[in-house]
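# Observations on the model geometry
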Amino acid sequence: MTTPLVQMKNISIAFGGVHAVEDVSLDLYPGEVVGLLGHNGAGKSTLIKILSGAYKADAGEIWINGKKVDIQSPRDARANSIETIYQTLALADNLDAASNLFLGRELTTPFGFVDDSRQEAETRKIMARLNPNFKKLKEPVSALSGGQRQSVAIARAVYFKARILIMDEPTAALGVHETKMVADLITELKKQGLGIFLISHDTREMMELCDRVSVMKNGQIVGTERVEDVTEDDILSMIILGKNPKAAA
Amino acid sequence: MSDQTQSTPTPATKRNIFKQLELDTRLLGMIGAFLVVCLVFNVWTDGRFLTPRNIFNLTIQTVSVAIMATGMVFVIVTRHIDLSVGALLATCTAVMGMLQTRWLPGMLGIEIGSPLIPWITIGLGLLTGALIGAMQGWLVGYRGIPAFIVTLGGLLVWRNVGWYLTSGQTIGPLDETYVLFGGITGTLGADWSWIIGIAAAVAAAAGLWSARRTKIRHEFPVKPVWAEVAVIAVTVLAILGFVAVLNAYELPERVVARDFAAYGCAQAEGCNVAYGIPYSVLLLIFVAIVMTVIATRTRLGRYIFATGGNPDAASLSGINTRLLTVKIFAMVGVLCALGGVVASARLGYHTNDIGTLDELRVIAAAVIGGTALSGGIGTIYGAIFGALIMQSLQSGMAMVGVDAPYQNIVVGAVLVFAVWVDIEYRKRTGAK
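About the cut-offs
Residues numbered from 1 in each chain as written. Chains lettered and ligands numbered in written order. Predicted model: local features only at pLDDT ≥ 70, side-chain atom pairs only at ≥ 80, totals over all residues. Helix = DSSP H or I, 4+ residues; strand = E, 2+ residues; numbered from the N terminus. Rg over C-alpha atoms; globule rule 2.2 N^0.38 Å. Buried ≥ 20, exposed ≤ 12 C-beta atoms within 10 Å, placed from the backbone. Contact = placed C-beta atoms within 7 Å. Domains from an automatic or database assignment. Nonpolar A, V, L, I, M, F, W, Y, C, P; charged D, E, K, R; others polar. Axes fitted to C-alpha atoms, helices over the stretch in contact; angles between N-to-C directions. Parallel < 35°, antiparallel > 145°, perpendicular 65-115°, else oblique. Left-handed = near helix turned anticlockwise from the far one by under 90°.

## Quick word on the overall build of chain A
What chain A contains, in helices and strands, is 9 helices and 10 strands. For chain A, whose C-alpha radius of gyration is 18 Å, the value lies close to the compact-globule estimate of 18 Å for 249 residues. With the C-alpha coordinates aligned to their principal axes, the bounding extent of chain A is approximately 60 × 40 × 40 Å. By residue count, 45% of the 249 residues in chain A fall in the buried class. Long-range pairs, those at least 24 residues apart, make up 65% of the contacts in chain A with a sequence separation of at least 6.

This is the structure we're talking about:
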């Protein structure tokens, strides 16, 4: 079998006395979408924030392409081609699309100044590809709709050629049409060989988009199954009861 | 791809002349408010307000607060506050006063009047400001103490460190070269003022034109040529007009007559000597340019505004927001020291109460200039205009003879009113 793109081995993290994530192992292969499901507070977001560098694990290892890596900060994660699209979008509302797209990785002129014109030109190019209706390049992103904001966040991941993409409820704030757009994009990126971790509450959506789903409860993995092998009911009962019906059977 | 994007917005913009000029309506509003204040006082004082002499005084009185206000913009943009600027200024001027009159003379063979003294003094003064500012920034950024508390403590601490260093004495007279930064004694004179004014006008025109060229190169929409030319013409006229006004303020005849040869005249009669641009105003313009470049053209500035807009997004984007806080407060410290140079040089002494209540003037200047306390929004030029408007009100009322308590009542009311207008403006024009 091919080398996994990501292997998270025995990850644990605690906040105060609360074990938010306890001894969780998870892997991801190129061209695969792995869904993370579970109640609020089950530890999904915490787990992926460890991968994206926002939190530091108390224990456990992360391997990328078969090599052990040390992710201390969001910068380290980016250096390993990991891009994250957060639930809260992580956009600076007062800045325009180009400034957000390049935030933390600005294009500069030979004198070291931020090259706004080049950034804007690059943003125009990538937006024409991802979301041709996107025209409000000069406006602060607070003036954009949910879908347009989401496309800025996605453009960031695509522009910097992410190999591992983490999407934390990417469709939570979107309308029907925009949700479809994100779903199409996930399928497209998957074809290009990216590995995607997808977090969502929408079980049906997950069944459609994911290759495998992992269910978490109380900071632990209840089970990881291929979507062909389970029904929506199986997944729901894993989420609610915290038991894997297949393992019991 | 690009012709598509260009074709859509054009018909909409045709309607509005302001939009074609692409003028910043907030800047226009501020200039308008300033002009209204000037005109009202001019009528009220029978034309004494808008004389070259008063405009000259107004500019040099504004400099110290305006310099500090440019730094306060960054602090407020990142959702912090700095209540210690007036006290920090006092500590810096105390250090600089003691350095040039007591500590440096006698050391390393430097005597009072040595040309090294002012420069060593200012260098160490700026360093003092930077270190104190960085320390406060470290407490805020790395130790997580709210800036309000750190700088409220700082207000008490630094005011009294200054007192302790000088044992409460007034320190002076200050070095002759150092005093040139205060204003009235340190000016460029007519010729140099014109040279610098013309150079600035040429640079501004060239800058605006090259910005247009860059836009065309990237195939972005640009405004019509007539609009561009109009903006350039107004800018050039404003710069030259300012120089002309400052050059119209001349030294009193008796002062010139006393030593006309020194001013290059063959005889006392008809010997007119203009003050021209004060060094302190040049310093403010330099600070304004540097701070504007930082705000709009550097990564540091981009990170400051991103952090103000969404601190979580900034740190998730790999920005070290803690170090950023230290840098911002250190910058404010340096600007306090610089403001201190101007303030103490203008007085000719370091006094114990120098910069008292400056923290409030500086915050008010930034806020009147459109810096939002909720973070993420603010401009350097706005803060400078804010300082100018406040100073005009204060000077104007003093000239009219308004009683002291009424003066502060008016200034306080204007502050609240200005912020309310700004909030309404933002609501009408859409969230910006």
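## A short note on the overall build of chain B
If you tally the helices and strands in chain B, you get 19 helices and 0 strands. Taking 2.2 N^0.38 as the reference for a compact globule, 432 residues should give roughly 22 Å; the C-alpha atoms of chain B span a radius of gyration of 23 Å, in line with that estimate. In terms of its C-alpha atoms, chain B occupies a principal-axis envelope of roughly 70 × 60 × 45 Å. When each of the 432 residues of chain B is scored for burial, the buried share is 41%. Taking contacts inside chain B between residues at least 6 apart in sequence as the whole, the part at least 24 apart equals 78%.

## Some remarks on the domain arrangement of chain B
All names here are of chain B. In terms of domain boundaries, chain B breaks down into domain 1 (47-185 + 278-432) and domain 2 (187-276). The straight-line distance from the C-alpha centre of domain 1 to that of domain 2 is 26 Å. Contacts between the two partners involve 6 residues from domain 1 and, on the opposite side, 6 residues from domain 2. Among the elements that take part in the side of domain 1 that touches domain 2, helix 5 (residues 52-77) stands out by supplying 4 residues, more than any other. For the side of domain 1 that touches domain 2, a count of residues per class yields 5 nonpolar, no polar and 1 charged.

## Comments concerning the interface of chain B and chain A
On the side of chain A, 28 residues touch chain B, which itself brings 27 residues to the contact. Elements that contribute at least two residues to the side of chain B that touches chain A include exactly helix 14 (299-309) and helix 15 (311-316) of chain B. In terms of residue count, helix 14 of chain B provides more of the side of chain B that touches chain A than any other element does, 6 residues in total. Within the side of chain B that touches chain A, the residues separate by chemical class into 10 nonpolar, 12 polar and 5 charged.

## A few points about the packing of helix 14 of chain B against helix 16 (residues 321-347) of chain B
All names here are of chain B. Two numbers describe how helix 14 lies on helix 16: the axes approach to 11 Å, and their chain directions differ by 110°. Taken together, helix 14 and helix 16 sit at an angle that is classed as roughly perpendicular. Every pair of crossing elements has a handedness; the one defined by helix 14 and helix 16 is left-handed. Across the interface between the two elements, Leu300, Tyr303, Ile304 and Thr307 from helix 14 touch Thr321, Leu324, Lys327 and Ile328 from helix 16. Considering only residue class, the contact of helix 14 with helix 16 consists of 5 nonpolar, 2 polar and 1 charged.

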